[in-house]
Structure formats: C-alpha cells, structure tokens
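# Structural overview
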Amino acid sequence: MAFTLALVGRPNVGKSTLFNRLVGKKLALVDDQPGVTRDLREGAARLGDLQFTVIDTAGLEEATDESLQGRMRRLTERAVAEADACLFMIDARVGVTPTDELFADILRKSAATVLLAANKSESMASEAGVIEAFSLGLGEPIALSGEHGEGMGDLHAALSPLIEDAAEQVVETGPRVDVDVDGDDEDTEPPLITPESPLQVAVVGRPNAGKSTLINRILGEDRLLTGPEAGITRDAISLKIDWDGTPMRIFDTAGMRKKAKVQDKLEKLSVSDGLRAVKFAEVVVVLLDAAIPFEQQDLRIADLAEREGRAVVVAVNKWDIEENRQEKLKQLKQGFERLLPQLKGAPLVTVSARTGRGLDRLHKAILEAHRVWNMRVTTSHLNRWLDGMVAMHPPPAPQGKRIKLRYMTQAKTRPPGFVVMCSHPDKMPESYKRYLVNGLRSDFDMPGTPIRLTLRGQGDKNPYKGRKTPGPSKLRKHLSGPRGS
C-alpha cells in the first residue's frame, strides 16, 4: 500500500494548489475565496524520486455540530486518522492565527506523524510568518510555495525518510499479481476489467438528486459529504472500489443546473469538472429524482452523455418514498421512450440510495451497458444483415438518382461505429440512417448504446465529371481560316 500524506489546515492556506503541484495536474478546484474544497480528493503524487498518495482535505473550522462545516471537519479528521503522515499548512503571509494554534494542538496529540509547512513563502513579507510558525511546537517549518514550486526540495528531504520507513514495513507483504500466460488476445473480446484497468463510471444529475448518497451506499461508508443542502459537491471526486467483485472507479460529480442559472464562477468550475468526468467515463449513470423525473435538465444531461459516446444507464433514486410504484414505473418507461428516443432500450433502474434497495440491479445494468458498448459484429454478419434490410426497405432515389448500399463494416467500438460504402452518400436522408441504426439495435442486441453510422462514397466517380469540355485549339482555329484554305 502506498504512503499516504494528508494536507490539512484552515481554509484558504493553499492546500489545493499544493495538491495540484504534487500530482502534476489541475485536478482540484482552486479559487481565491475560502472553503472551495469540501470532499476528500486523493491523487498519485510524485516529488522527485518519491511516489506516494496525497489527500486534499477541506479547510478545518471550529465547528463540531451537524452543520455543513461540522460534517466537513469530521471528514478531514477521518483523513488525518487514516493517513501515514499529515502536512499541516499555514499561510506565512498572515502568520499564526488562533485557529492554527487550536488545530496544531489537536494534531500534536494525534498518533499521526505531523509535518509543518509555511505556504506562500515566495516573498520577503512571509519571513516573519515562517519564524512565528516555530511557536506551534510541531518542529521546524518547511517554507514553500505551492503556486510557484519553491521549497519542494525541503519537502522532499522531510518526506524521504518517512516513505522509506513505510516501504520497508510493507516490502514483504506486497500484493500478488496474477499473470495470464495463455497469451490469448482477440480483437473481438471486450477489454478485461482489472484492478489496474477498472471500469470508469460517472454518476451525474441535477443538484440534490442523491449522487453522493448513492456512492456512499455502494462504498458502505460515509466517504463523501452529504446533507439536505443542494449543491454540496463541488469537485468531481474519483474513488476506486471493488463492487461485488468488479473493480470500478466511480466519479461523483457536482449537480448540473441550467446553463442560464449558472452565474457563479465557482459553480462554472464545478460543472466543467463534472463534464470532464463524463468524457473520461465509460458508463454514465444519469440519476433522476423519482418525485420530479425527466426534467428539462435531466434530458440535457442524458443527451450530453449520448453525444459524448458513453454507455448510459438511467437510475431513478428515492424509490423508497414512492407509494404507487407500479403506476409510477409505467409512467417512467413511457416518458423515457418518448423523451429520449436516442437512448432507446437503455437500462432504466429504480434504486434507493438511503436504503440500498436496487443496487444489485444497478450493478448488473452497468456491466450490461459496458458489454454492449464494447460489442463487435463481424463483417460477414453485417453484410448479410444489410442485404436483408435493403430488400425489405430499399433506399430512396432522390432526384432520380438511386442510392446503392454496397457493403458495410464495423470501424470501431466504444461506442460501436459502422461504415457503409454507398453511392451518393450526401443524398441519403436522415430517416433512412435512423432506419439502419434502429435495425442494428434490435437485430444485434445493442439497446441504449450510442451507435455511430457513417456513409462513404466508393470513389468510383467519373474522372471527367465536372471538367470543362475542351474546345478547338487556337492553332487549329487559325489553320482553318481563309489563309489555310
């Protein structure tokens, strides 16, 4: 197991900026206003020759009740308890505050190894704050700047002996890796889901649909911050889990409101982070609220996932409080078919994140959607199918030009993409393309997955078409005049 370092401190001391510096990517949201980070975010950090796991935490505040700040503090305290070491950060430009002293006293009494860092030490004005940090009783402070990358060498020197000691303790109990020696690798087989290559799943939806609660139920622990307030989640948090024997990486995303309502800069960053998670996912779970399903924003989110080419599973949450379930389920299926025809046949699952009911069905639906998303059909089967479709319903002849469908092949998977070679591809109406796509869905058992169909010409056009007809040359015209006669 990798060495784990938790970044802790009061709000707005630069924890997320240092986190992004260590992981080498802008994963955590960063803004000038305090309290941006709310959930725990893990990342693979690299500092010189050191590799470890770093955890970005919410800013510590003096709240112990059931308020949002109190719940955030409990998550941070949990990260401190589980980490191998903590990097307690202060703002060197501000100096030591009473809040810093309070949390330094708490960390000093904890069993975890605590390192002290004076962040934002890139200017001369921060020297007094660095000297003042000695009063916290946590040893010599590391003067660094997460934004400018200064002091990383001192941080490396402080972490190096800790990581080496942790590596010596686990060297004899390293993980066993099963190696496949058969060497059987066929292109027609879908990629295997392994702990090294887990299934990527993104959970998206409107605010307060229950996304974080659903993931907590799958994990079996309160790993993500939840509550009655809408819009608690800001970062797109990815978590590696083993769900009933299936290795997965699940992305919890911020609730997506209508674009016209998103005015705050921080909310725009949160939505952009969620959209990025959708692009990296393989399966997207669109979570609806059973009380108000298929709102306009729900339809936009589902259509976004389809346009990005992701496998889609629609889950209806809060099913435990629904009274007339049979009638409601019938209405949901009718509304799904009517409002989302581009996802015809996609799984529709009812779940309850609060009680855990329906999670087994959701797990099966995700695996089935992933299987269909990776499906490949042989060229011979496709061409026999194409002949039957053309015989049953020939393509139209716009402007008297008959369109001939010559052959068909599958060019890609994830999602399935097909190419049809034909004459006059630019004149093929959209209605006939939909006829072929719907036929592919029903005949090859590919419900719900996005299907890309491309029409291409065969390149057998007349090479002289469009060329100017050459007239008599000037010399010939001159010779045929009166002088030549």
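Refer to the structure above for everything that follows.
My aim in this report is to walk through the structure given alongside it, one point at a time. (Residues numbered from 1 in each chain as written. Predicted model: local features only at pLDDT ≥ 70, side-chain atom pairs only at ≥ 80, totals over all residues. Heavy atoms only, no water.)

## Quick notes on the overall build of the protein
So the rule is basically this: Secondary structure follows DSSP: runs of H or I at least 4 residues long count as helices, runs of E at least 2 residues long count as strands, and numbering of each begins at the N terminus. Accessibility here uses a 1.4 Å probe with only protein chains present; expressed as a share of the type maximum, an area under 20% marks a residue as buried, one over 50% as exposed, and anything in between as partly exposed. Only heavy atoms matter for contacts: two residues are in contact if any of them lie within 4.5 Å across the pair.
When helices and strands are counted, the protein shows 13 helices and 15 strands. Looking at the protein residue by residue over its 485 residues, the buried ones come to 48%. Within the protein, contacts between residues at least 6 apart in sequence are counted, and of these 71% link residues at least 24 apart.

## A few points about the sheet that holds strand β3 (residues 50-56)
Definition in use: Whether two strands pair depends on DSSP finding at least two bridges between them. Between the N-to-C directions of two axes lies an angle of 0 to 180 degrees, each axis being a line fitted to C-alpha atoms and, for a helix, fitted only over the stretch in contact.
Spatial strand order, β2-β3-β1-β4-β5-β6: 6 strands in an open sheet with mixed pairing. Strand pairing shows two members of the sheet lacking a second neighbour, β2 (41-47) and β6 (142-143), which therefore form its edges. Relative to strand β5 (residues 113-119), strand β4 (residues 85-91) is paired through 7 bridges, and the arrangement is parallel. Paired with Leu87 across the bridge in β5 is Leu115. Sitting on the sheet, helix α1 (residues 15-23) is in contact with β1 (4-8), β2, β3 and β4, with an inclination near 55 degrees to β2. Set on the sheet, helix α3 (residues 98-109) makes contact with β1, β4 and β5; between it and β4 the angle comes to about 170 degrees.

## A short note on the packing of aromatic side chains
Inclusion rule: A pair of aromatic rings is counted whenever rings of Phe, Tyr or Trp (Trp by its six-membered ring) have centres within 6.5 Å, and the orientation is called stacked for planes under 30 degrees apart, edge-to-face for over 60 and tilted otherwise.
Applying the stated criterion across every chain yields a total of 3 aromatic pairs. Geometrically, the ring pair formed by Tyr432 and Tyr435 is tilted, given 5.2 Å between the ring centres and 50 degrees between the ring planes. Of this pair, Tyr432 and Tyr435 both sit in helix α12 (residues 430-443), 3 residues apart, which is roughly one turn of the helix. On the basis of relative accessibility, which here comes to 2%, the residue Tyr432 falls in the buried class.

## Topic: the packing of helix α11 (residues 379-392) against α12
Just so we agree on the cut-off: Note on angle classes: values under 35 degrees are labelled roughly parallel, values over 145 roughly antiparallel, values of 65 to 115 roughly perpendicular, and the remainder oblique. The sense of a crossing depends on the near helix, which, turned anticlockwise from the far helix by less than a right angle, makes the crossing left-handed and, turned clockwise, makes it right-handed. Just so you know the grouping, Ala, Val, Leu, Ile, Met, Phe, Trp, Tyr, Cys and Pro go in nonpolar, Asp, Glu, Lys and Arg go in charged, and all remaining residues, Gly too, go in polar.
In the contact formed by α11 and α12, the axes pass within 11 Å of each other and the chain directions differ by 130 degrees. Taken together, the axes of α11 and α12 are oblique relative to one another. You can see that α11 and α12 cross each other, and the crossing is right-handed. Packed against α11, whose contacting residues are Leu382, Trp385, Leu386, Met389, Val390 and Met392, the element α12 presents Tyr432, Tyr435, Leu436, Gly439, Leu440 and Asp443 at the interface. Split into classes, the residues belonging to the contact of α11 with α12 amount to 10 nonpolar, 1 polar and 1 charged.

## Examining the nonpolar core
Quick note on the threshold: As used here, the term nonpolar core means buried Ala, Val, Leu, Ile, Met, Phe, Trp, Tyr and Cys residues forming a set that is joined through side-chain atoms within 4.5 Å.
Formed by 28 residues in total, the largest nonpolar core has its most connected members in Val313, Leu362 and Ile366. Elements with a minimum of two residues in this core: β7 (199-205), α6 (211-219), β8 (237-243), β9 (246-252), β10 (283-289), β11 (311-317) and α10 (359-373). By residue number, the principal contributor to this core is α10, which donates 6 residues. When neighbours within four sequence positions are excluded, Ile366 is seen to be in contact with Leu199, Val201, Trp243, Met248, Val283, Val285 and Val313. Judged by nonpolar contacts, the second largest core, of 26 residues, contains Met256, Val278, Leu299 and Leu343.

## Quick word on the pairing of β9
Walk down a regular strand and you will see the side chains alternate between the two sheet faces. Of all 7 residues in β9, 6 are buried, a share of seventy percent or more. As paired strands, β7 and β9 are joined by 5 bridges and run parallel to one another. Residue pairing in the sheet places Gln200 in a bridge with Arg249 of β9. Alignment of β8 against β9, held across 7 bridges, turns out to be antiparallel. Within β9, the position partnered with Lys240 by the bridge is Arg249. Connecting β8 to the next strand, β9, in antiparallel fashion are 2 residues, including Asp244 with a positive phi near 55 degrees.

## Some remarks on the environment of Gly35
Take Gly35: it is sitting in the loop between α1 and β2. Between the C-alpha atoms of Gly35 and Leu60, which are 25 residues apart in sequence, the distance is 9.2 Å. Non-local contacts of Gly35, meaning those with residues more than four positions away in its chain, are made with Pro11 and Arg234.

## A closer look at unusual backbone geometry
Each neighbour pair has its own omega, and for Arg414 with Pro415 the value is 0 degrees, a cis peptide bond. Mapped onto the elements, Pro415 comes out in the loop between β13 (405-412) and β14 (417-422). We note that Asn208 has phi near 65 degrees; this positive angle belongs to a residue other than glycine. By secondary structure assignment, the location of Asn208 is in the loop between β7 and α6. Here Asn208 falls in the partly exposed class, since its relative accessible area comes to 35%. Backbone geometry places Lys318, a non-glycine residue, at a positive phi of 65 degrees. Counting through the fold element by element, Lys318 comes out in the loop between β11 and α9 (325-339).

## Describing the environment of Gln399
Assignment of secondary structure puts Gln399 in the loop between α11 and β13. Under the relative-accessibility criterion, Gln399 is labelled exposed at 70%. Taking the C-alpha atoms as reference points, Gln399 and Lys427, separated by 28 residues in sequence, lie 9.2 Å from one another.

## Re the sheet that holds β11
To summarise the sheet geometry, strands pair through backbone hydrogen bonds and adopt either a parallel or an antiparallel arrangement. Strand order across the open sheet formed by 6 strands is β8-β9-β7-β10-β11-β12, with mixed pairing between neighbours. The sheet is open, and its two borders are formed by β8 and β12 (348-350), each paired with just one other strand. Neighbouring strand axes in the sheet, compared pairwise and without regard to direction, differ in orientation by 25 degrees on average. Relative to β11, β10 is paired through 7 bridges, and the arrangement is parallel.

## A word on the pattern of salt bridges
Note the cut-off: Should a side-chain nitrogen of Lys or Arg be within 4 Å of a carboxyl oxygen of Asp or Glu, the pair is scored as a salt bridge.
Counted according to the given criterion, the structure contains 20 salt bridges. Arg223 is paired through a salt bridge with Glu42; the nearest N and O atoms lie 3.9 Å apart. Of this pair, Arg223 sits in the loop between α6 and β8 while Glu42 sits in strand β2, and the two are 181 residues apart along the sequence. On the basis of relative accessibility, which here comes to 8%, the residue Arg223 falls in the buried class. Put simply, Lys427 and Asp426 hold a salt bridge, and the shortest N to O gap is 3.8 Å. Members of the salt-bridge network, linked through shared partners, are Arg41, Asp273 and Arg276.

Note that every value here comes from positions in space, so none of it alone points to a role or purpose.
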